[in-house]
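Observations on the model geometry
What follows is the residue order along each chain.
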Amino acid sequence: MKKQVYSCGIDYLQVMDEDGGIDLQLMPSIPDSKIVEMYKWMLFTRNLDAKTLSLQRQGRAVTYAPLVGEEASQIGVALAMRKDDVLAPSFRQHGIHIARGQPLDDYFIYWKGYEDGSKSARSINALAVCVPVGTQVPHGAGVAFAQRYMGKDAATVAYVGDGGTSEGDFHEALNFAGVYKLPLIVVIENNQWAISVPRKGQTAAETLAQKAVAAGIRGVQVDGNDVLAVYKAAADALASAKDGPTLIECVTYRMGMHTTADDPTKYRAEEEVNAWKARDPLRRVNLYLTSKGLWSSQLEQETTEQHQRQIDEAVERAEQFKPDPRGMFETLYSFMPDALKEEEDNAVSNNFWM
Amino acid sequence: MKVNMVGAINNALELAMREDDRIVILGEDVGRDGGVFRVTDGLIDKFGAKRVVDTPLEESGIIGASIGMALAGLRPVPEIQFAGFMLLAFSQLVNHAARYRTRTRGTMSVPMVVRTPVSGGVRTLEHHSDSPEALYSHIGGLIVIEPSNPYDAKGLLIKALRMQDPVIFLEPTKLYRLFKQEIPDENYEVPIGKANYMRKGNDLTIITYGTMAPLVQEVADKKNVSADVIDLRTINPVDEQTILESVKRTGRAMIVHEAELSFGVGAEISARIAEKAIFELSAPIIRVASPSIPYPFPGYEGFYLPNAKKIGDAIDRILSV
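Conventions and cut-offs
- Residues numbered from 1 in each chain as written.
- Chains lettered and ligands numbered in written order.
- Predicted model: local features only at pLDDT ≥ 70, side-chain atom pairs only at ≥ 80, totals over all residues.
- Heavy atoms only, no water.
- Helix = DSSP H or I, 4+ residues; strand = E, 2+ residues; numbered from the N terminus.
- Rg over C-alpha atoms; globule rule 2.2 N^0.38 Å.
- Contact = heavy atoms within 4.5 Å.
- Areas by Shrake-Rupley, 256 points an atom, 1.4 Å probe, with all protein chains shown as cover.
- Lys, Arg positive; Asp, Glu negative; His and termini not counted.
- Charge placed at Lys NZ, Arg CZ, Asp CG, Glu CD.
- Buried < 20%, exposed > 50% of the residue type's maximum accessible area, 1.4 Å probe, protein only.
- Pairing = 2+ DSSP bridges.
- Right-handed = clockwise from strand over helix to strand, strands pointing away.
- Domains from an automatic or database assignment.
- Buried area = accessible area lost by both parts, 1.4 Å probe.
- Salt bridge = Lys/Arg side-chain N within 4 Å of Asp/Glu carboxyl O.
- Polar contact = N/O pair within 3.5 Å; in protein donor to acceptor, adjacent residues only side chain to side chain.
- Phe/Tyr/Trp six-rings, centres within 6.5 Å; stacked < 30°, edge-to-face > 60°.
- Lys NZ or Arg CZ within 6 Å of the ring centre and 35° of its normal.
- Axes fitted to C-alpha atoms, helices over the stretch in contact; angles between N-to-C directions.

**Let's talk about the overall build of chain A**
Helices and strands together make up the secondary structure of chain A, namely 13 helices and 8 strands. A compact globule built from 354 residues should have a C-alpha radius of gyration of about 20 Å, and chain A, at 21 Å, falls within 12% of that. With the principal axes as the frame, chain A shows a C-alpha extent of 75 × 60 × 45 Å. A fraction of 75% describes how many contacts in chain A between residues 6 or more apart in sequence connect residues 24 or more apart. Surface exposure of chain A reaches about 15,600 Å², of which carbon and sulfur atoms provide 51%. If the 37 positive side-chain charges of chain A are averaged to one point and the 48 negative ones to another, these points end up 4 Å apart.

As structure tokens, this is what we get:
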């Protein structure tokens, strides 16, 4: 006997096309003011990203992971999430942190090289920035487990990149969340490049969304440069999170370098980057809002100037930050072991700053 | 109650779970089966599958999810079936469990007790007999505990379950059922970071823990030497004060552990003694440990492990100086 025991397909979702045209059947029921809000956050994120990159180039910030081009994949989710939902980020989700209320000063303190900037993560229901690729996804599953255990009406959103979908932790987390039907949403910010390795070098699978199939959970692929599609997919996943997890693949593009230590001209063609410029996530929303009389080049300029003032003031405040190395020692454990105290006193009294 | 170490740990888990409903046990076969060593036996009947959770076989996922649970306000007690398999979760322990508190400057913490059986002497398959305490003790932010008797196992575990820190709780397989001990029925704590004098003497200090602790005591008793035997109980943070107090008094220091010799706990303790008490020593420090090679298949265990003769010879050697 031979029979098919399982079959599956993966849906692709786009609400707004590259020129701002809307698929009315898929349009989420949100007022235009919400789309203006989305646009402003994407614009803010882009301005913030440009500023941080410039600070890094001046030696005023540490190695930085730019997000230009990926704004929609973050802001769409940020505005779909409720306050009590928890974010388990990777290291390129600055937009979502900021849109969820991270104080700008802390953002800059972090990127100046001080963990102290992560102190406010808790206040926006976010875990800390996570650098080892994919390792944050099991944390997200654990938070979702706790939400279920405590009977909370909330879900967890974990981010991962296309490269991260090759990691064991990614699969273990999907598997874990699937077994217990946890309220977990995993967003793959598929920006096509894991440093120098292209998306096709990560997996022979046609889509990354289909990684959900093996874990027995829902999977959907969306145009990650379409903030409305991202918003809709996230809102749908959050609304059904009580029934179990969803994997959302946002197809986007890393317009910049992996980090400021990277030179993408070494491994990818300029034509590829240029082709993605037409699919820019801000451009299409700008066209849509302008066509409806809700946006203009004057508003764009005024808003950008206002963002820049806000950002510059935060940079100025962050540069006044006085680091205290005692914090490293004193927050290692919930108590202070004698031998560690001795190390601390020794290091601090000898003033081992370079 | 008179219990062996398995009974003591089971009892500690039960009492702690009654006291604190944020405690959740999770791991492979911990539910209906009660764990492969039966340490969690019966807990699923007392607390239900909501709090005693059988997981898929994914060590990194178990520890990673436990970290998330802890960050979100639960107190997970993951069991890793054997220490050799815990290396699959090493990344989560080192990169996250240990660092979350400093990473967020104390605003988030990972109160979690990871239990796993360690060490050999019970003729198991490969990877079931490792003694990895030095690996975890090297990582600032983790607490590493290894009891050597039922009383300490219960008190240390209860204390660990009330702390805000990630604790690696190592349970010597060989001692699980080796002997019974009378212990209190109720809750009690054994302090973390505090070593225990198993016996007192004047001529020699022997620092040990885990599987070697009862053996060292037996050898010292049989040889009738005037030796301090110190059971560390907590490997990290190590109780430097007790060690130095004893060594300065006896002038001789010996460290006995089952783990491999090189870069081990014995090396760390030797360094601390050398830094702070070298002029009070009347003999070179001696370490007795397993050879610096991976734990062999059980046919070679008898050769590989420290035993009464190796410990006895070392005692003769250090006392002859």
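Now that the structure has been shown, we can carry on.
**Describing the overall build of chain B**
When you go through chain B residue by residue, the secondary structure sums to 13 helices and 14 strands. Taken over C-alpha atoms, the radius of gyration comes to 19 Å for chain B, in line with the 20 Å a tight globule of 321 residues would show. With the principal axes as the frame, chain B shows a C-alpha extent of 60 × 40 × 40 Å. The buried share of chain B, taken over its 321 residues, is 64%. Across chain B, contacts joining residues at least 24 apart in sequence account for 81% of those joining residues at least 6 apart. In chain B, which carries 36 positive and 40 negative side-chain charges, the distance between the mean positions of the two groups comes to 3 Å.

**Comments concerning the pairing of strand 7 (residues 218-223) of chain A**
Residues and elements named next belong to chain A. The pairing of strand 1 (residues 11-13) with strand 7 spans 3 bridges and is parallel. From the neighbouring strand, tyrosine 12 faces strand 7, where its bridge partner is glutamine 221. Since strand 7 and strand 8 (residues 246-251) lie parallel, the crossover through helix 8 (residues 227-239) that links them has a hand, and here it is right-handed.

**Looking at the pairing of strand 8 of chain A**
Residues and elements named next belong to chain A. For strand 8, the buried fraction is high: 6 of the 6 residues fall into the buried class. Neither face of strand 8 is open: one carries Thr246, Ile248 and Cys250, the other Leu247, Glu249 and Val251, and all of them are buried. Where strand 4 (residues 184-190) meets strand 8, 6 bridges bridge the pair, whose relative direction is parallel. Each bridged residue has a counterpart across the sheet, and for glutamate 189 the counterpart in strand 8 is cysteine 250. Across 6 bridges, the pairing between strand 7 and strand 8 is parallel. Along strand 8, the bridge assignment pairs arginine 218 with threonine 246.

**Here's the deal with the domain arrangement of chain B**
Residues and elements named next belong to chain B. Domain parsing of chain B yields domain 1 (2-182) and domain 2 (196-319). Placing a centre on the C-alpha atoms of domain 1 and another on those of domain 2 gives a separation of 26 Å. Contact residues are listed per partner, giving 28 residues for domain 1 and 22 residues for domain 2. For the pairing of domain 1 and domain 2, the buried interface totals around 1,800 Å² over both sides, and the portion due to carbon and sulfur atoms is 57%. Across the domain 1-domain 2 interface, the total number found is 1 salt bridge. Taking the shortest distance from any N to any O, the salt bridge between arginine 233 and aspartate 152 comes out at 3.2 Å. Linking domain 1 to domain 2 there are 11 residue pairs in polar contact (both at pLDDT 80 or more).

**A look at the environment of isoleucine 311 of chain B**
All names here are of chain B. Secondary-structure assignment places isoleucine 311 in helix 13 (residues 308-319). Given a relative accessible area of 0%, isoleucine 311 falls into the buried group. The residues contacting isoleucine 311, other than those within four sequence positions of it, are Met212, Leu215, Val216, Val219, Met254, Val256 and Val288.

**Things to note about helix 4 (residues 104-111) of chain A**
Structurally, the α-helix is built with 3.6 residues per turn, so residues lying three or four positions apart point the same way. Residues and elements named next belong to chain A. Extensive coverage of helix 4 is indicated by the burial of 6 of its 8 residues. Buried within helix 4 we find Leu104, Asp106, Tyr107, Phe108, Ile109 and Trp111. On its buried face, helix 4 sits against helix 1 (32-57), helix 3 (94-99) and helix 11 (297-319). Two residues or fewer after helix 4 comes glycine 113, characterised by a positive phi angle close to 110°.

**Considerations on the pattern of salt bridges**
Under the counting rule described, the total for this entry stands at 43 salt bridges over all chains. Across the pair lysine 309 of chain B and aspartate 313 of chain B runs a salt bridge whose closest N-O atoms are separated by 2.9 Å. Highlighted residues: lysine 309 of chain B and aspartate 313 of chain B, both in helix 13, separated by 4 residues, approximately one helical turn. When its relative accessible area of 59% is taken as the criterion, lysine 309 of chain B is described as exposed. The structure contains a network of salt bridges with shared partners spanning Arg326, Glu330, Lys341, Glu344 and Asp345 of chain A.

**Brief notes about the packing of aromatic side chains**
Centre-to-centre distance and the angle between the planes together describe a pair of aromatic rings. What the rule picks out here adds up to 18 aromatic pairs over all chains. Here the aromatic rings of tyrosine 64 of chain A and tryptophan 111 of chain A are separated by 5.0 Å at their centres, their planes lie at 85°, and the arrangement is edge-to-face. Taken as a pair, tyrosine 64 of chain A in the loop between helix 1 and helix 2 (71-80) and tryptophan 111 of chain A in helix 4 lie far apart in primary sequence, 47 residues in all. Its relative accessible area of 1% is what places tyrosine 64 of chain A among the buried residues. Three or more aromatic residues link up through ring pairs in this structure, and these residues are Phe37, Phe82, Phe85 and Tyr176 of chain B. The ring of tyrosine 100 of chain B carries arginine 103 of chain B above its face, with NZ or CZ at 4.9 Å from the centroid. Across from the ring centre of tyrosine 197 of chain B, 3.9 Å away, lies the NZ or CZ of lysine 200 of chain B, which sits over that ring.

**Regarding the sheet that holds strand 14 (residues 286-290) of chain B**
Residue and element names in this part refer to chain B. The sheet built from 5 strands is open, its strands ordered 9-11-10-13-14 with mixed pairing. The sheet terminates laterally at strand 9 (196-199) and strand 14, the two strands that pair on one side only. Each strand of the sheet is rotated relative to its neighbour by a mean of 25°, with strand direction disregarded. Of the strand pairs in this sheet, strand 10 (residues 204-208) and strand 13 (residues 253-260) are connected by 4 bridges, and their pairing is parallel. Counted as the bridge partner of threonine 208 is valine 256 from strand 13.

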